[in-house]
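The lines below spell out each chain.
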Amino acid sequence: MLATRQSLTAFLQRSTRANASLSQNLFLSTKVQVEHGRGQWKTYGDIQNFQENKFQVQTFNKISPVGLGKFPADKYDVRTGDSEAANAHAILLRSHKLKEEEVPHTVRAIARCGAGTNNVPVARMTELGIPVFNTPGANANAVKELVLCGMFLGSRRIVDGINHMTELGKQGLAKERVEKDKAMFGGREIKGKTLAVIGLGHIGSSTAVDAAKLGMKTVGYDPALSIESALKLPRTIKLTDSIVSAVQQADYISINIPYIKGEGGTHGIIGKDVISNMKPDAVLLNFARGELVDSEAMKEFLDGGNGKYVSDFPDDLLWDHKNAIILPHLGASTEEAEDAAASMAAETIKNFLEKGTIVNSVNFPETSLPDRPENAVRFVCVNQNLPGMLAHITEAFAKANLNILQQINHSRGEIAYNVMDVDITDHDDVLSFKEVQEVITMQEGVLSSRIIFGKAGQGYAKNLMGEYFV
């Protein structure tokens, strides 16, 4: 619903009065004024429904109430379902395929309750200066348990047996045939067998540990193995230098790597060159992404032997193959995983909005920040990673007679993230950041700026192709 001219005027008047009485630091007499209220108000939706001085969070999908409960009601306005959220400060989602037009200019951050971010246009969000967060490890236990389940399903022909007994039950023959027909569904035990784990992150390392506890031999491959993950691995695991060498002697193979499009990515990484080196009766477990496996090569493998393919991703070619078990996408579909992912996403958003901290971002540099000094305002600037940008920013503060107490400058790819704590002592009764923020934001190469001080939701500005938006 579009706001009337009268309601817009009334709101702007309230906003002006609010800016004149911004939160005052208990230890200071200086009042700090920050930007809030200029810009294209048509993007702000229903003004009558807008809650001032709160961070507005828009959710897509059904997000765990446990996670949403991390947002204190006195500081956050969480919009769920079809609730209007045209001036959201952050977006929280699970599987919803986010479009650029669903991201208002007011959005500072996006968090996905899960590890993958394929449903978020990350590259475009980077261009707009918006960090995208995920929740690595939050669903690791749930996925690991499904991988172990997949191993058992691929070993004992359990699904075939269930279907057979269902048909016998319909004919009234279940009790008569239950013993006679069991020989049709013979299998093998996993103890003493070899599991190859491709990708040793949260899920892969956890899978290797539990497989070892079940008496399995483990082989692993991960060219980007972190120290944290390495310390979690079973001592008996054998690390290899390639996927092919990992799968050659494996009875079971678990894929736990991200799906990355484009040249040098992981699309079809489990192709003919890998599959042709697998044992004829190997079981391939894919609970990572369907696109990682070359379906044509996998079908040829399944047609020629007793191998199995178990996955929770749809496959138009393999869905009805007698040696394939295709499940719904159940990896993270447990109450515990949904609670953990939503809680992690909410805490990540809170820390970013309230402090500027960046953790678990897929497109921005990790940035751990010290507490803001009591006598300072925190100024955050997102800009293109170009030479001389930091000098232009600090020069603007110097010209405004503002002293930077401490600063951090981190970069990742095309993005630079700058955080400066600016001294507000030794100034007049009212210190306005409006002019210096506009000067910095409108510098060529700057994408957005934010002042973290005072009331929630205020102090955000963007450079929209040469137009100043606050």
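Check the entry above for the structure.
Residues numbered from 1 in each chain as written. Predicted model: local features only at pLDDT ≥ 70, side-chain atom pairs only at ≥ 80, totals over all residues. Heavy atoms only, no water.

*Asks:* Tell me about unusual backbone geometry, and name the residues and values.
*Replies:* Leaving glycine out, the prevailing phi sign among residues is negative, and the prevailing peptide bond configuration is trans. The residue Asn61 is not glycine, and still its phi comes out positive at about 65 degrees. Mapping Asn61 onto the fold places it in the loop between strand E2 (55-59) and helix H2 (65-68). In this structure, Met465 is a non-glycine residue whose phi angle is positive, near 50 degrees. Tracing the backbone through its elements, the reader meets Met465 in the loop between strand E19 (460-464) and strand E20 (467-469). Judged by relative accessible area, which is 88%, Met465 ranks as exposed. (Helix = DSSP H or I, 4+ residues; strand = E, 2+ residues; numbered from the N terminus. Buried < 20%, exposed > 50% of the residue type's maximum accessible area, 1.4 Å probe, protein only.)

*Asks:* A description of the nonpolar core should follow, citing residues and the corresponding values.
*Replies:* In this structure, Phe71, Leu92, Ile349 and Tyr417 are the most contacted members of the largest nonpolar core, which totals 31 residues. Where this core is concerned, the elements lending two or more residues are E2, strand E4 (90-93), strand E5 (109-112), helix H12 (335-355), strand E14 (376-384), strand E16 (415-423) and strand E18 (446-452). For this core, the element with the highest residue contribution is H12, accounting for seven residues. Ignoring sequence-local partners within four residues, the contact set of Ile349 consists of Phe71, Ala90, Leu92, Ala109, Ile110, Ala111 and Phe133. One finds Tyr259, Ala282, Met298 and Ala324 within the second-largest nonpolar core, a separate group that totals 28 residues. (Core = buried A, V, L, I, M, F, W, Y, C linked by side-chain atoms within 4.5 Å. Contact = heavy atoms within 4.5 Å.)

*Asks:* Explain the pairing of strand E12 (residues 308-311) to me, using residue names and the numbers behind them.
*Replies:* Residues of E12 alternate between two faces, with Lys308 and Val310 on one and Tyr309 and Ser311 on the opposite face, all of them buried. Judged from the four bridges that link them, strand E11 (residues 283-286) and E12 form a sheet pairing that is parallel. Among the inter-strand pairings, Leu285 is bridged to a residue of E12, identified as Val310. Taking the sense of rotation as the criterion, the β-α-β connection linking E11, helix H11 (residues 295-303) and E12 turns out right-handed. (Pairing = 2+ DSSP bridges. Right-handed = clockwise from strand over helix to strand, strands pointing away.)

*Asks:* How would you summarise helix H5 (residues 158-171) if you had to cite specific residues and measurements?
*Replies:* With 14 residues, H5 extends 20 Å from end C-alpha to end C-alpha; this agrees with the ideal 20 Å at 1.5 Å per step. Of all the residues in H5, the buried ones are Gly161, His164 and Leu168. In a view along the axis of H5, the buried residues occupy a sector of 65 degrees, so they form one face of it. Buried positions along H5 lie against helix H6 (174-177). Remark: Gly172 follows H5 within two positions and exhibits a positive phi of approximately 75 degrees. (Expected span 1.5 Å × (residues − 1). Arc of directions from axis to C-beta.)

*Asks:* Let's hear about the pairing of strand E8 (residues 217-221): which residues, and what values?
*Replies:* Counting buried residues in E8 gives four out of five residues, a clear majority hidden from the surface. Direction of pairing for strand E7 (residues 194-198) relative to E8: parallel, over a ladder of five bridges. Each bridged residue has a counterpart across the sheet, and for Ala196 the counterpart in E8 is Val219. In this view, the connection linking E7 to its parallel neighbour E8 by way of helix H7 (residues 202-213) has right-handed handedness. Pairing of E8 with strand E9 (residues 238-239) involves two bridges; the strand directions are parallel. Within E9, the residue paired with Val219 across the bridge is Lys238. In this fold, E8 hands off to helix H8 (residues 227-232), which returns the chain to E9; that crossover is right-handed.

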